[in-house]
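Structural overview for review
Chain residues, written in single-letter form:
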Amino acid sequence: MKKTYFIKITLFLLILSVAMSNQSTTKIPNLEIKFLNGQRTTIYDLLKKGPLLIDFWATWCTPCKKLMVHLDKYHQDYKEDGFQVLMINQDTPRSLGKVKSYINSKRHKFLVAVDPNQQIAKKLNGQIMPSLILVKPDASIVWRHQGFMPGEEKEIQKQIEILINQIRKYDQ
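Below you will find a few notes about this structure. It should be emphasised that the depicted structure is a prediction, and the values quoted were computed from it without experimental measurement.

A closer look at the overall build of the chain
Secondary structure assignment for the chain yields 6 helices and 8 strands. In sequence order, the chain lays out its α and β elements as α-β-β-β-α-β-α-β-α-β-α-β-β-α. Residues counted as buried form 43% of the 172 residues belonging to the chain. The long-range fraction of contacts in the chain, counting pairs at least 24 apart against all pairs at least 6 apart in sequence, stands at 70%. Summed over its atoms, the accessible surface of the chain is roughly 10,500 Å², and 55% of this surface lies on carbon and sulfur atoms.

Quick word on unusual backbone geometry
Between Met129 and the following residue, Pro130, the backbone shows a cis peptide bond with an omega angle of -10°. By the secondary structure assignment, Pro130 is in the loop between helix H5 (119-123) and strand E7 (131-135). Located in the positive-phi region is Ala139, a residue other than glycine, with phi close to 80°. Assignment of secondary structure puts Ala139 in the loop between E7 and strand E8 (140-146).

Digging into the layout of surface pockets
Put simply, the largest pocket is a space of about 260 Å³. What lines the largest pocket is a set of 15 residues, and nearest its centre among them are Lys34, Val114, Asp115, Pro116 and Asn117. Among the elements of the structure, strand E2 (32-35) and H5 are those that each provide at least two residues to the lining of the largest pocket. Of the residues contributing to the lining of the largest pocket, the split by class is 7 nonpolar, 3 polar and 5 charged.

Some details on the pairing of E2
Here E2 shows one buried face, formed by Ile33 and Phe35, and one open face, formed by Glu32 and Lys34. Bridge count for E2 against strand E3 (residues 40-42) is 3 bridges, and the pairing is antiparallel. Across the sheet, Lys34 pairs through a bridge with Arg40, a residue of E3. Here E2 folds back onto E3 in antiparallel fashion, the turn holding 4 residues, of which Gly38 has a positive phi close to 95°. Examined bridge by bridge, E2 and strand E6 (residues 111-114) share 2 bridges and lie antiparallel to one another. Counted as the bridge partner of Lys34 is Val114 from E6.

As for the packing of helix H3 (residues 62-77) against helix H6 (residues 153-171)
For the pair H3 and H6, the least separation of the axes is 11 Å and the interaxial angle reads 25°. When the interaxial angle is binned, H3 and H6 end up roughly parallel. H6 is crossed by H3, and the crossing has right-handed handedness. Facing H3, whose interface residues are Leu67, His70, Leu71 and Tyr74, H6 presents Glu153, Lys154, Ile156, Gln157 and Ile160. Classifying every residue of the contact of H3 with H6 by side-chain character gives 5 nonpolar, 2 polar and 2 charged.

Section: the side chain of Gln84
Mapped onto the elements, Gln84 comes out in strand E5 (residues 84-89). Judged by its relative accessible area of 7%, Gln84 is buried. Engagement of the side chain of Gln84 in a polar contact is seen with the backbone oxygen of Leu46, the distance being 3.1 Å.

Structural notes on the state of the cysteines
Taken as a whole and assessed by the stated rule, the structure comprises 1 disulfide. Disulfide pairing places Cys61 opposite Cys64 at an S-S distance of 2.2 Å. Taking the sign of the torsion about the S-S bond as the criterion, the disulfide between Cys61 and Cys64, at about 75°, is right-handed. The class for Cys61 is buried, based on a relative accessible area of 4%. By relative accessible area, Cys64 is classed as buried at 0%.

What counts, and at which threshold
- Residues numbered from 1 in each chain as written.
- Predicted model: local features only at pLDDT ≥ 70, side-chain atom pairs only at ≥ 80, totals over all residues.
- Heavy atoms only, no water.
- Helix = DSSP H or I, 4+ residues; strand = E, 2+ residues; numbered from the N terminus.
- Buried < 20%, exposed > 50% of the residue type's maximum accessible area, 1.4 Å probe, protein only.
- Contact = heavy atoms within 4.5 Å.
- Areas by Shrake-Rupley, 256 points an atom, 1.4 Å probe, with all protein chains shown as cover.
- 1 Å grid on protein atoms, 1.4 Å probe; cavity = no way out; pocket = protein on both sides within 12 Å on 5 of 7 lines; lining within 4 Å.
- Points joined across faces, edges and corners; volume = space filled by probe spheres on them.
- Nonpolar A, V, L, I, M, F, W, Y, C, P; charged D, E, K, R; others polar.
- Pairing = 2+ DSSP bridges.
- Axes fitted to C-alpha atoms, helices over the stretch in contact; angles between N-to-C directions.
- Parallel < 35°, antiparallel > 145°, perpendicular 65-115°, else oblique.
- Left-handed = near helix turned anticlockwise from the far one by under 90°.
- Polar contact = N/O pair within 3.5 Å; in protein donor to acceptor, adjacent residues only side chain to side chain.
- Disulfide = S-S within 2.5 Å.

So this is what it looks like as structure tokens:
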């Protein structure tokens, strides 16, 4: 009886320790970002303002375009909390003109960067589009999501609000 109880407790503690070790957060690397206007910065410089939602997209990606409307709204709604949306375009260097005209026609307020050779996308595992990465100001990745279907914008907003509320509590 005692032996069975001891084995159960040991097994429970082993499972618990494995589960806790998998909770470790991954930090996003400090990659250089080139904006659509040619200016450069780094991810860590953007994180100095607050949380960051990174989205990989392309002009030919219909779900990406549908998602943009929501991401632009979140960028504007949560800017008082330092929150920003960084859209990283994956079109080829030849399509840069198409990217600029598309963004200019929509008048979105979020940040737009280019990654024509998919170097950033490969490093951040963002080749599937759209691909979202929510990052805390300390560079910890807290949430990822790939693809977009109507209705998923609610989950995206929920994840943003959870992170912002955690930061607000910590700052108090």
